[in-house]
Amino acid sequence: MKKAFLASLICVTALSACESPQQMVSQKEDHLAAAGFQLKPASTPQRIAMLKKLPAHHFVRRIHGDTVSYVYADPTVCGCLYIGDQAAYGRYQAYQQQQNIADEQQMAAQDYQDAQWNWGEWGPWGGGFGPGYGFGPGWGW
């Protein structure tokens, strides 16, 4: 059971690494929408020209009076802007942080799964260029 779960976890991780840039942008845009960002299509020649002036797939902060807005330009996948307020941006950042923690936990679970594995069979690890090299005793430490 445990090995089947680990095998399926590895397969899911491998498949997610095969995502195209468009799939990754689309997934990011799904998270933007879920956080409360509004989609604004570049539906006129003026909007298209303005969209092309913004950095693609990056946030730009705009301040107008007391209002802070965050803009995410996507000229390649949807040809649109995502516009959100401070709260939407905060929700998006919180989700990204949670996702990073989950990814790190998944990597830690995969780091060393099999107690029967013998790393010694692969030779020495680290240490520089061979016996006697590397930092530690003899280097003034």
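Because the structure is a prediction, the values reported are computed rather than measured.

A.B. asks: Can you lay out the overall build of the protein for me, pointing to particular residues and giving the numbers?
C.D. replies: Along the backbone of the protein there are four helices and four strands. Ordered by position in the sequence, the α and β elements of the protein form the string α-α-β-α-β-β-β-α. Within the protein, buried positions represent 17% of all 141 residues. Put simply, 51% of the contacts in the protein that link residues at least 6 apart link residues at least 24 apart. Surface summary for the protein: the accessible area is close to 10,900 Å², and the carbon and sulfur share equals 60%.

A.B. asks: Give a description of the side chain of aspartate 74 that names residues and reports values.
C.D. replies: By the element assignment, aspartate 74 lies in strand S3 (residues 67-74). No salt bridge is formed by the buried aspartate 74, whose closest oppositely charged neighbour, lysine 28, lies at an N-O distance of 10 Å. Within the structure, the side chain of aspartate 74 is placed 3.0 Å from the backbone nitrogen of threonine 76, a separation counted as a polar contact. From its side chain, aspartate 74 meets the backbone nitrogen of valine 77 in a polar contact 2.8 Å long.

A.B. asks: Can you explain the confidence of the model for the protein? Please cite residues and give values.
C.D. replies: Within the protein, residue pLDDT values average 78, and 64% of them lie at 70 or more. Predicted confidence for residues 1-12 stays below pLDDT 50, and this span has five contacts to residues more than four positions away or in other chains.

A.B. asks: So what's going on with the state of the cysteines? Residues and values would help.
C.D. replies: In total, this model carries one disulfide according to the counting rule given. Here cysteine 78 connects covalently by a disulfide to cysteine 80, the sulfurs 1.8 Å from one another. Judged by the torsion about the S-S bond (-65 degrees), the cysteine 78/cysteine 80 disulfide is left-handed. Given the relative accessible area of 32%, cysteine 78 is considered partly exposed. Here cysteine 80 falls in the buried class, since its relative accessible area comes to 1%.

A.B. asks: Would you mind going over the nonpolar core in detail, with residue names and values included?
C.D. replies: If you look at the biggest cluster of nonpolar residues, it comprises 10 residues: Leu32, Ala35, Phe37, Tyr70, Tyr72, Cys80, Tyr82, Ala88, Tyr89 and Tyr92. Residue assignment for this core shows that the elements contributing at least two residues are helix H2 (21-35), S3, strand S4 (80-85) and helix H4 (86-111). Counting residues per element, this core draws most heavily on H4, which supplies three residues. Residue contacts for alanine 35: discarding those within four places in its chain leaves Ala88, Arg91 and Tyr92. Judged by nonpolar contacts, the second largest core, of six residues, contains Ala42, Leu51, Val71 and Ala73.

A.B. asks: Describe the side chain of glutamate 29, listing the residues and the values that go with them.
C.D. replies: When you line up the elements, glutamate 29 lands in helix H2. Although glutamate 29 is buried, it makes no salt bridge; lysine 28 carries the closest opposite charge, 8.8 Å away. The residues touching glutamate 29, leaving out its near neighbours within four places in the chain, are Tyr72, Asp74, Val77, Cys78 and Tyr82.

Analysis parameters
- Residues numbered from 1 in each chain as written.
- Predicted model: local features only at pLDDT ≥ 70, side-chain atom pairs only at ≥ 80, totals over all residues.
- Heavy atoms only, no water.
- Helix = DSSP H or I, 4+ residues; strand = E, 2+ residues; numbered from the N terminus.
- Buried < 20%, exposed > 50% of the residue type's maximum accessible area, 1.4 Å probe, protein only.
- Contact = heavy atoms within 4.5 Å.
- Areas by Shrake-Rupley, 256 points an atom, 1.4 Å probe, with all protein chains shown as cover.
- Lys, Arg positive; Asp, Glu negative; His and termini not counted.
- Salt bridge = Lys/Arg side-chain N within 4 Å of Asp/Glu carboxyl O.
- Polar contact = N/O pair within 3.5 Å; in protein donor to acceptor, adjacent residues only side chain to side chain.
- pLDDT = per-residue confidence, 0-100.
- Disulfide = S-S within 2.5 Å.
- Core = buried A, V, L, I, M, F, W, Y, C linked by side-chain atoms within 4.5 Å.

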